[in-house]
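Survey of secondary and tertiary structure
Letter by letter, the chains look like this.
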Amino acid sequence: MNMMKRLSSFFFIFVLFVSFLPAPASVSEREADRVYINGNIYTVDSAFSTASAMAMKDGRFIYIGDDAGVKAYIGPLTFVSDLEGKTVIPGLHDAHVHIRYGERELYSRTPDIRATIGEWASVERMQDVIKHCLATGEGMRPGPEPRWLVLSGWMSDVWDPPEFRKELIDAAAPNNPVYISRYTHGSGANSKALELAGITRDTPDPSGGHIKKDKNGEPTGEFVERAPAQLTKLIPPLPSMTDYEISRNLVEGTQLAVASGLTTIHGASMTGYDEIQRRIKLYEVGLLRIRINEMVRENAAKKLGKPFNHNNKYFVRSVKAFADGALGSRGALFLEEYSDYPGYYGEPRQSEDQIAQSATELLKIGFNMRIHCIGDGANRVAINAYERALKATGVEGKKARFALEHCQVLTPDDIPRLAKLGIVASMQPLHATEDMNFAESRMGSERLQYAYIWSELLDLGVVVATGTDYSVSPYNPFYTLHAAVTRQDRDNNPPGGWIPEQAMTREEALRAATMGGAYVMFAEDILGSIEVGKLADFVVIPVDYMTIPAEEIWKIKPEMTVIGGEIVYTRPVQAQK
Ligand SMILES: [Zn+2]
């Protein structure tokens, strides 16, 4: 860091400090509600400074420093806790989650193959699950015979050959129509389902989707992104969830999040207007305690008319959209054809014109857009559209803070444009360590040089915010920190890391998981670090994140999670006998 930056941050802290010490300060005004001493506190301020003590009052930090200095804040009613040398880091952000999908693990309505067996299923294990469901009726939809079986969660990249084929399902289910969603962005069906839907070699692709065909032109049973409507409309729907079930899934899903050390999650499921109202109500009755930064539907933003912030707990000021699909399913949009599927470029979801128009209209009413972009084609479309919106409104890039969700593959020409246009890269380190087995076959070694380039973007001054895309990847910020630092999976593969020069340092990874998330939600003045004046969000962990062996980072389990000074999670303790 240069000296000017350092001086200006000291000045900023000094001003805050002064503003929290009314002169003359009476003892009761300085008396903290709670003080923590004897800690190893990584503040993640601009100098990445450490401290041993912190004091808080009314949910905010009022002192960060050493054990001697904090004494001035201890009054007769202050509760003083000894951290016993344990490490404290700022409350962690997950900048991209699909919280409602938590139902897939918590209360499954459509049986999920991965969740059922606890790992990606081999063909044989998937067939076993299908046979089990046909025998027990689990996952069978109501309706006339032959009844539909609907499941989710296949992943063909662990198969040999790594391709979905309808015959694999036919072998377990010759008589019933079967439809199985891929774990994301695609699906597959068996021969009976194709027959009932009338899908043949002559059926054209649906809009927003692609019917995969083999070299003889016959449908393989796999659908990239959207499946044809003539098939999906035959599937008897499940009864819609009750209000209670929706609220329960949300509340219990966020309890999982705070237990893993998250204090703010960024919802990426295009929340609608009515669902926003439900969530406000859940905050009002005290059922939601985590902070949520919501990416809403465009029409919900327009109906709201302007961004809002409910008690610094529930933030609505971003709009989610999609420019393409996923890499695994080959829905990601590339400028050149797929290396392992010649003639195919992926699935565009919205045009540059559409995105530019939306981004412009939304920016005028104060919302930033956060667009799902995986392939270099989708990233190009979104960057062009953002540039046009900035030009049309005259808003400075750093004030607009448009984001690329995933931002997985760029071109050498587009990389510097992120810094120039103030675009935030909202990335998922776990996607790199999960995609590493098939990324090169999809895009080839040339394009791979410009994929998952966290370190390069950081060096260019781009703000990187990290997340998991839960439930695509597990809901654990320490898995994210581990993948960011090692570029390895949790079995330490590959040795030395996958494209290790793009790994983050531990400091960068922690910053991306705290200040990065705070920045993209325009809350870096109140969240993201342990500094005087900020909301008291932090996590106590039993080991030193900065010094333990890197391969141990994913094993870190929080001992305590605090949001706004309130303890929202502690590791279970044994009741006294
Ligand atoms: Zn997502």
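What comes next is a walk through the structure. (Residues numbered from 1 in each chain as written. Predicted model: local features only at pLDDT ≥ 70, side-chain atom pairs only at ≥ 80, totals over all residues. Heavy atoms only, no water.)

**With respect to the packing of aromatic side chains**
As a reminder of what qualifies: Think of it this way: a Phe, Tyr or Trp ring, Trp meaning its six-membered ring, pairs with another when their centres are within 6.5 Å, and the plane angle makes it stacked under 30 degrees, edge-to-face over 60, tilted otherwise. Type-normalised accessible area, obtained with a 1.4 Å probe on protein chains alone, sets the label of each residue: buried when under 20%, exposed when over 50%, and partly exposed for intermediate values.
Counted under the stated rule, the structure contains 17 aromatic pairs. Here Phe334 and Tyr338 contribute two aromatic rings whose centre-to-centre distance is 5.3 Å and whose plane-to-plane angle is 80°, an arrangement assigned as edge-to-face. The buried category is assigned to Phe334, whose relative accessible area is 3%. Here Tyr338 falls in the buried class, since its relative accessible area comes to 1%. Among the aromatic residues, those joined into a ring-pair cluster are Phe334, Tyr338, Tyr341 and Tyr344.

**Side note on the coordination of the zinc ion**
Each pair of donors in an ideal four-coordinate tetrahedral metal site encloses 109.5 degrees, whereas pairs in an ideal six-coordinate octahedral site enclose 90 or 180 degrees. To keep it simple, the criterion reads: In this description, a donor is an N, O or S atom within 2.8 Å of the metal centre, a cutoff extended to 3.2 Å for sodium, potassium and calcium. Water is not part of the atom list, which can make sites seem incomplete.
Listed as protein donors to the zinc ion are His96 (NE2), His98 (NE2) and Asp469 (OD); their distances from the metal cover 2.1 to 2.2 Å. Each donor residue of the zinc ion lies on one chain, and together they are spaced H-x1-H-x370-D. On the basis of relative accessibility, which here comes to 7%, the residue His98 falls in the buried class.

**Let's talk about the sheet that holds strand 5 (residues 60–65)**
What counts is decided by this rule: Any two strands with at least two DSSP-identified bridges between them are counted as paired. Numbered from the N terminus, helices here are DSSP runs of H or I no shorter than four residues, and strands are runs of E no shorter than two. Between N-to-C directions, angles span 0 to 180 degrees; the directions come from axes that are lines fitted to C-alpha atoms, helices contributing only their stretch in contact.
Across the sheet, four strands lie side by side as 5-4-1-6; this open sheet has mixed pairing. Looking at which strands have only one partner, the edges of the open sheet turn out to be strand 5 and strand 6 (79–82). Direction aside, neighbouring strands of the sheet carry axes that sit 15° apart on average. Of the pairings in the sheet, the one linking strand 1 (residues 34–37) to strand 4 (residues 53–57) comprises three bridges and is antiparallel in character. In the sheet register, Arg34 faces strand 4, and the bridge partner there is Met56.

**A few points about the environment of Gly516**
Stated precisely, the cut-off is as follows: Throughout, a residue-residue contact means that at least one pair of heavy atoms, one from each residue, lies within 4.5 Å.
Within the fold, Gly516 resides in helix 21 (residues 515–520). Note: C-alpha distance between Gly516 and Val462 (54 residues apart in sequence) is 9.9 Å. If we ignore the near neighbours within four places in the chain, the residues touching Gly516 are Val463, Val464, Ala465 and Arg511.

**Here we look at the pattern of salt bridges**
Two side chains bearing opposite charge may form a pair once their charged atoms approach each other closely. The criterion, for reference: Salt bridges are defined by distance alone: a side-chain nitrogen of Lys or Arg within 4 Å of a carboxyl oxygen of Asp or Glu.
Tallied over the full model, the rule gives 33 salt bridges. With a shortest N-O distance of 2.8 Å, Glu387 and Arg417 are connected by a salt bridge. Highlighted residues: Glu387 in helix 13 (residues 376–393) and Arg417 in helix 15 (residues 415–421), separated in sequence by 30 residues. On the accessibility criterion, Glu387 (23% relative accessible area) is partly exposed. We classify Arg417 as buried; its relative accessible area is 15%. For the salt bridge of Glu387 with Lys420, the shortest nitrogen-to-oxygen distance reads 3.8 Å. Of this pair, Glu387 sits in helix 13 while Lys420 sits in helix 15; the two residues are 33 residues apart in sequence, bridging distant segments of the chain.

**Observations regarding the pairing of strand 23 (residues 560–563)**
Residues Met560 and Val562 line one face of strand 23 and the alternating positions Thr561 and Ile563 line the opposite face, and both faces are buried. Bridge analysis of strand 23 against strand 24 (residues 566–570) gives four bridges, and the strand direction is antiparallel. For Met560, the partnering residue across the bridge sits in strand 24 and is Thr570. Counting the residues in the hairpin turn of strand 23 and strand 24 gives two residues, including Gly564, whose phi is positive at 55°.

**Some remarks on the packing of helix 9 (residues 243–259) against helix 10 (residues 273–284)**
The test is simple: Handedness of a crossing is defined here by the sense of rotation of the near helix relative to the far one, left-handed for an anticlockwise turn of less than a right angle and right-handed for a clockwise turn. Residue type decides the class: Asp, Glu, Lys and Arg count as charged, Ala, Val, Leu, Ile, Met, Phe, Trp, Tyr, Cys and Pro as nonpolar, and the leftover types, Gly among them, as polar.
With their axes 11 Å apart at the nearest point, helix 9 and helix 10 run at an angle of 65° to one another. Judged by the twist between their axes, the crossing of helix 9 over helix 10 is right-handed. Between helix 9 and helix 10, the residues in contact are Asp243, Ile246, Ser247, Leu250 and Val251 and Glu275, Arg278, Arg279 and Leu282, respectively. Its residues placed into classes, the contact of helix 9 with helix 10 shows four nonpolar, one polar and four charged.

**Overview of the nonpolar core**
To keep it simple, the criterion reads: For our purposes a nonpolar core is just a set of buried Ala, Val, Leu, Ile, Met, Phe, Trp, Tyr and Cys residues, chained together by side-chain atoms within 4.5 Å.
With 103 residues, the main nonpolar core has Leu327, Met369, Leu418 and Leu457 as its most contacted residues. The element that contributes the greatest number of residues to this core is helix 13, accounting for eight residues. Once residues lying within four places of it in the same chain are set aside, the contact partners of Leu327 are Ala332, Phe334, Tyr338, Ile374, Gln408, Asp435, Phe438, Ala439, Arg442, Met443 and Tyr452. Cys133, Phe164, Leu168 and Ile169 belong to the second largest nonpolar core, which has 20 residues in total.

**A word on the sheet that holds strand 10 (residues 178–182)**
Here we have five strands laid out as an open sheet, ordered 9-10-11-13-12, and mixed in their pairing. The open sheet terminates on both sides in strands that have one partner only, identified here as strand 9 (149–154) and strand 12 (209–213). Strand-to-strand twist in this sheet, taken as the mean axis angle between neighbours without regard to direction, amounts to 25°. Contacting strand 9 and strand 10, helix 5 (residues 123–136) crosses the sheet at an angle of about 155° to strand 9.

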